[in-house]
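Close look at the chain arrangement
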Amino acid sequence: MQSQAHDVGAPSLLEALRTGTALLHVALEKRLPFFSEYLDAKGYRRLLQAYYGFYKPMEAALYDSDLIPEGFDTALRVKTPTLVSDLHALGLDKRAIDALPRCCELPILAQPAACLGALYVLEGATLGGQVLRREMAKRLDLDADNGGAFLNVYGIETGRRWKDFLEYLGHQTLDTPAKQHAVDAACSTFSCFEQWLDSQKVLL
C-alpha cells in the first residue's frame, strides 16, 4: 500500500491538503473580525477567549493521542500556554480562564494521518498570524507583552518553523486512503473551529 504514495501524478500530501482545504480556509478568513473596523479591545479579548476554548481541548486531543508521526516537536509547537499568557495580560486570572467554555465538537483523530491534517491547519494558522499581528499592533497597540503574543507565537522563528513543518510533511509516506484521512481531518478542523467561533459569537 505504501507504494501508492509514489504513484505517477498523485498529489503530494501538502498539495492534497492545500487543495482540499482551500475553500474552507478562505471562508473562515472572511469571517474572522481582525480587519473589521468594529473590533475593539473588548472584542479582541472575547476573540482570544474563544480561541482558547478551541485550542485547549484541540491540542490536548492531538498531543495526548500518541498518534502523531515521529519528528514533530510538540514541546516546541504547543500554543495554548501563550494564549493563557495573553489572557492574563488582558485581565483574566486563572479562575476566569479555567471557567471559559471549551469546544466539545472536535475532529476525529483516530489515525496518524488525521493528526497530520489537523496539525497542518494549526501550523498554517500560526503562519497566517503574522499578518494579524501587524494589524492588531497598528489598530489596538497590541504586542507580545500586552495580549498579542499568540499572533506571533514563534516570533522570528515563524518562517523557519513553517518550512520545517513542510519538510516534516514531505517525509511522511502516506498511501492514497491515508492522504484522504489527512484531508478529511484538516477540513473537519476548519469546520469545527468555525462552528465553535460562531457559537461564541465572535465571527462576522
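Notes on the structure follow. Here the structure is a predicted model, which means the values were calculated and not measured.

Calculation notes
- Residues numbered from 1 in each chain as written.
- Predicted model: local features only at pLDDT ≥ 70, side-chain atom pairs only at ≥ 80, totals over all residues.
- Heavy atoms only, no water.
- Helix = DSSP H or I, 4+ residues; strand = E, 2+ residues; numbered from the N terminus.
- Rg over C-alpha atoms; globule rule 2.2 N^0.38 Å.
- Salt bridge = Lys/Arg side-chain N within 4 Å of Asp/Glu carboxyl O.
- Buried < 20%, exposed > 50% of the residue type's maximum accessible area, 1.4 Å probe, protein only.
- Axes fitted to C-alpha atoms, helices over the stretch in contact; angles between N-to-C directions.
- Parallel < 35°, antiparallel > 145°, perpendicular 65-115°, else oblique.
- Left-handed = near helix turned anticlockwise from the far one by under 90°.
- Contact = heavy atoms within 4.5 Å.
- Nonpolar A, V, L, I, M, F, W, Y, C, P; charged D, E, K, R; others polar.
- Patch = residues over 30% accessible without salt bridge, like charges linked within 9 Å, V, L, I, M, F, W, Y side chains within 5 Å.
- Areas by Shrake-Rupley, 256 points an atom, 1.4 Å probe, with all protein chains shown as cover.
- Lys, Arg positive; Asp, Glu negative; His and termini not counted.
- Charge placed at Lys NZ, Arg CZ, Asp CG, Glu CD.
- Core = buried A, V, L, I, M, F, W, Y, C linked by side-chain atoms within 4.5 Å.

What to know about the overall build of the chain
- Per the secondary structure count, the chain includes eight helices and zero strands.
- Seen in sequence order, the chain has helices and strands lined up from the N terminus as α-α-α-α-α-α-α-α.
- Relative to the 2.2 N^0.38 estimate, which gives 17 Å for 204 residues, the radius of gyration of the chain is 17 Å and therefore close to what a compact globule would have.
- Counting only C-alpha atoms and orienting by the principal axes, one finds that the chain spans roughly 55 × 30 × 30 Å.

Description of the pattern of salt bridges
- Scanning the model with the defined rule gives nine salt bridges in all.
- Salt-bridge contacts for R77 lead to E123; the nearest nitrogen and oxygen are separated by 2.6 Å. Of this pair, R77 sits in helix α3 (residues 74-77) while E123 sits in helix α6 (residues 112-140), placing them 46 residues apart in sequence.
- Judged by relative accessible area, E123 falls into the buried class, the value being 3%.

Considering the packing of α6 against helix α8 (residues 176-199)
- As a packed pair, α6 and α8 sit with axes 7 Å apart at the nearest point and diverge in direction by 40°. Considering the angle they form, α6 stands oblique to α8. Viewed along their axes, α6 and α8 form a crossing whose handedness is right-handed. Residues A113, A114, G117, A118 and V121 of α6 form the contact with α8, whose participating residues are A178, H181, A182, A185, A186, T189 and F190.
- Partitioning the contact of α6 with α8 into residue classes produces nine nonpolar, three polar and no charged.

Description of a positive patch on the surface
- A grouping of K42, R45, R46 and K201 is seen on the molecular surface, where their side chains present a positively charged patch.
- Among the structural elements, R46 can be located in helix α2 (residues 41-63).

Some thoughts on the nonpolar core
- Residues F34, Y51, L62 and L197 are the most contacted members of the largest nonpolar core, which totals 61 residues.
- Elements supplying a minimum of two residues to this core: α1 (13-31), α2, α4 (80-89), α6, α7 (158-170) and α8.
- Once you skip the residues sitting within four places of it in the chain, L197 turns out to touch L32, A50, Y51, V202 and L203.

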